[in-house]
Amino acid sequence: MADGNIDQRTARISAEEALALHAMGRPGKLETRISKPLTTARDLSLAYSPGVAEPCLHIARDPMLAYDYTTRGNMVAVISNGTAVLGLGNLGALASKPVMEGKVALFKRFADIDGIDLEIATEDVDEFVAAVRHLGASFGGINLEDIRAPECFVIESRLRELMDIPVFHDDQHGTAIVAIAGLINACHLTGRAFRDLRLVINGAGAAGIACAELLKAMGVRGDNLLLCDRSGVIYQGREQGMNQWKSAHAVPTAARTLAEALDGADVFFGLSAKGALTREMMSRMAPRPIIFAMANPDPEITPEEARAVRPDAIIATGRSDYPNQVNNVLGFPYIFRGALDVRAHTINEAMKIAAAEALAMLAREDVPDEVNTAAAGSRLKFGPDYIIPNAFDPRLISHLPPAVAKAAMDSGVAARPSADLRRYGRELSGRLNRIANALDAIMERVRSEPKRVVFAEGEEEKVVRAAAAFRNAGYGSPVLIGRDERVTATMASLGLSQVHGIEIHNARLSGQNRKYAEFLYSRLQRHGFLARDCQRMVNQDRNVFAACMVATGDADAMVTGVTRSAAVCLEDIGHAIDPGRGLIPFGLTLMLGEHGGTLFVADTLIHERPTPVELVGIAKGAAAAARHLGVEPRVALLSHSTFGNPRHPTVDSLREVASILQRQKVDFEFDGEMSPDVALDPAYRALYPFCRLSGTANVLIMPGLHAAHIATRLAPRLGGGSVIGPLLLGLAHPAQIVPLDASVSQIVDLACLAAYQALRREARPGRQRAAAAGSGA
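A brief look at the structure comes next.

Each helix and strand in the protein was counted, giving 33 helices and 21 strands. For 777 residues, the compact-globule estimate of 2.2 N^0.38 gives 28 Å, and the protein sits close to it at 30 Å. Along the longest, intermediate and shortest principal axes, the C-alpha atoms of the protein span 95 × 75 × 50 Å. Counting all 777 residues of the protein, 52% fall into the buried class. Of all intrachain contacts in the protein linking residues separated by at least 6 positions in sequence, the fraction that spans at least 24 positions is 70%. Taken as a whole, the protein presents about 33,600 Å² of accessible surface, with 53% of it coming from carbon and sulfur. Charge separation in the protein, taken as the distance between the mean sites of 83 positive and 87 negative side-chain charges, equals 6 Å.

Turning next to the sheet that holds strand β12 (residues 476–481). What the 5 strands build is an open sheet, ordered β13-β12-β11-β14-β21; its pairing is parallel. Across the chains shown, the open sheet's two edge strands, defined by having one partner strand only, are β13 (503–505) and β21 (735–737). When the angles between neighbouring strand axes are averaged without regard to direction, this sheet yields 25°. Strand direction decides the pairing type here: strand β14 (residues 557–560) and β21, joined by 3 bridges, are parallel.

With that settled, consider the packing of aromatic side chains. Considering all chains together, one arrives at 12 aromatic pairs under this definition. On the basis of an interplanar angle of 70° and a centroid distance of 4.9 Å, the ring pair of Phe107 and Phe332 is categorised as edge-to-face. Taken together, the positions of Phe107 in helix α6 (residues 97–111) and Phe332 in helix α15 (residues 332–341) put the pair 225 residues apart, joining distant regions of the chain. One exposure class covers both Phe107 and Phe332, and it is buried. Centre to centre, the rings of Phe269 and Phe292 are 5.1 Å apart; their planes meet at 40°, and the pair counts as tilted. Within this pair, whereas Phe269 is found in strand β8 (residues 267–270), its partner Phe292 is found in strand β9 (residues 290–293), the two being separated by 23 residues in sequence.

Moving on, we get to the pairing of strand β17 (residues 634–638). In terms of burial, β17 is a largely internal element, 4 of the 5 residues being buried. Relative to strand β18 (residues 669–674), β17 runs parallel, the two sharing 5 bridges. Each bridged residue has a counterpart across the sheet, and for Val635 the counterpart in β18 is Phe670. Crossover handedness for the path β17 to helix α28 (residues 652–664) to β18: right-handed. When β17 meets strand β19 (residues 699–701), the two strands line up parallel, connected through 3 bridges. The residue of β19 that forms the bridge with Leu637 is Ile701.

Once that is clear, we can look at the pairing of strand β1 (residues 75–80). Extensive coverage of β1 is indicated by the burial of 6 of its 6 residues. Of the two faces of β1, the one carrying Met75, Ala77 and Ile79 and the one carrying Val76, Val78 and Ser80 are both buried. Once the chain exits β1 it traverses α6 before rejoining the sheet at strand β2 (residues 114–119), and the crossover so formed is right-handed. The sheet contact formed by β1 and strand β3 (residues 141–144) spans 4 bridges and is parallel.

Let's shift gears to helix α18 (residues 396–410). Structural remark: α-helix, 3.6 residues per turn; residues separated by three or four positions point the same way. Here α18 contains 15 residues, and its C-alpha end-to-end distance of 21 Å stays within 8% of the 21 Å for a straight helix at 1.5 Å per residue. Within the sequence span of α18, burial applies to Leu396, Ile397, Ser398, Leu400, Pro401, Pro402, Val404, Ala405, Ala407 and Ala408.

Where burial is concerned, most of α15 is hidden: 10 out of the 10 residues are buried. Taken together, the buried positions of α15 are occupied by Phe332, Pro333, Tyr334, Ile335, Phe336, Arg337, Gly338, Ala339, Leu340 and Asp341. With its phi angle positive at about 50°, Arg343 sits one or two positions after the end of α15.

What counts and what doesn't
- Residues numbered from 1 in each chain as written.
- Predicted model: local features only at pLDDT ≥ 70, side-chain atom pairs only at ≥ 80, totals over all residues.
- Heavy atoms only, no water.
- Helix = DSSP H or I, 4+ residues; strand = E, 2+ residues; numbered from the N terminus.
- Rg over C-alpha atoms; globule rule 2.2 N^0.38 Å.
- Buried < 20%, exposed > 50% of the residue type's maximum accessible area, 1.4 Å probe, protein only.
- Contact = heavy atoms within 4.5 Å.
- Areas by Shrake-Rupley, 256 points an atom, 1.4 Å probe, with all protein chains shown as cover.
- Lys, Arg positive; Asp, Glu negative; His and termini not counted.
- Charge placed at Lys NZ, Arg CZ, Asp CG, Glu CD.
- Pairing = 2+ DSSP bridges.
- Axes fitted to C-alpha atoms, helices over the stretch in contact; angles between N-to-C directions.
- Phe/Tyr/Trp six-rings, centres within 6.5 Å; stacked < 30°, edge-to-face > 60°.
- Right-handed = clockwise from strand over helix to strand, strands pointing away.
- Expected span 1.5 Å × (residues − 1).

None of the figures reported here should be taken as evidence of function without further support.
As structure tokens, then:
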């Protein structure tokens, strides 16, 4: 099994590189960050003495208020005594600290849970329990780590009895949950039921015992589960090497060795050592055997060795260089996230089962492009080589914690139940994925009023997958433009041939072909186009065909851009769709910072050198879009110059923009020309006390397309944030153009935005309808 740590051989790193990372800059992997402003004397008085007395007094009266006034509700302690560090044995408490720091980092990276590592230098169970127990008031949960068996069983059991917060030994339960999630899917693929499984677990340590207990809780019959250790099968009456935890799983059986136990078995769970499972043993197992060889760094049998004798086997390991990695990071961050958010006082069997089932179900969904990128291999698809989700799947945060929280609520251990688990899942997506947070309200609105959206490049695999995801999410009815046989072949190769509600339209053979050609000719006949030119465009250009569908009311919106540049797509769309009445079309890019700030940047798509009048329209449209997304706009007209320094003819147009906006008495803050540091840094802005902006600018109007394109493409590649867009605003009918390298998720997001523009357009008659298409993000 893996626990976020990756074997050096599989990750292609050296000991020197690992040591250098830990020593570089500030040693270690963690630091403390302050979450409240502590700039002025008043800030200090509020955060510390005398202001800090108030929350102290309130907590003294009601201890539950500690969750409201302190970090307790989002704080987990990762605690070890170093008696079983990774696969390295008893290294002692201090030597375990790098691992514990890493565990804290994983909590933050994958579930936004704060943590602290505590290394307790004792091997005495009573001393360890006492130390942890008396520290419990500081934390919302306890993650026990790298404690040897059988002491780990005693420690966890006693702490769970003594403490009113979740205590979870991840080496036991994390491994069991992730492995059993994979087993659920392996049984699904092989047509097996848990109640009928014959299963052998090799390894009777912390993880092996936990797997046995959870498997039985999920329906595996006790007499069908054989537990083995170094001495062989754990059977009733055995005395050698026994303890109370092994005895609980002893069964009456004639089998005495692992080889005998595996005769006819369906499943092998290996939590033991390299080479424990031989080819001869595998050959005696049932047809389509399920092999979980989870020893690290080397599995009980490699997938190559296993398939040489049993090519029908489904195989999982603990290594990242093989398919189906059993990695604890798929479990513990999200289990604690769900438990903390409903203030569960324990993590019980129901919550573990819910996590395993949610993880299994996630593996059966279409895999996002960003996961395939993280996997660094061929495209992932549910099947024998993909029964466990990838650790970098961004959907884990929105799928697992709600399932755990619901189980906590249903089993009566939640002190603060969630009234809306669906909303909770969306909020979790936004917690780590700023794009999801920004689109949340829009997506919910579209789901409530689904629309018909045309995907112009319907033969492309990514587009087909996006259309299926759009339909499955409930956003509306996707229309794929392409040749039927090619689209259906692509769908079949993706396992999507039975997706209901996806239409396919062949532009050349469509019954609306003549209607669209006549519509196009009526628009273009005085612009150098003959009737046959228009007919050819409708027949052969899918963007034109899609735009005609939208313009004539046969569809609500369209999305394109995967196979053609934005400039070409804009020209194609422009043949059928005009700018909205009184609007300036432009591209708006949302740049979402790592710590929550959002910048709206325009124009990032259309105008190479916008005129002052165009810049005014762009500023007003961008401000309206920001306001619609709940951000009060502060508009900065950006330049290399700040209020005349240096003087240059190119800044005159920006000054004219500011003058026009002032004359029009717009209802948002604006100023310029100014450089980005003045717009975004209060210290720089303080040098210009006459500046009209009351705070940091959040809408940046670029002087030209070149600057906008460079800024929005460069910033995310330097790290620290995410980008949405460019969004195409200001057209009379909704259309969106995705980047050429767009992922499936990006295509779905922009299709959803296009559908939302259609909703906004329908809601307003006349000029307001046109404005909705331009300003509503």
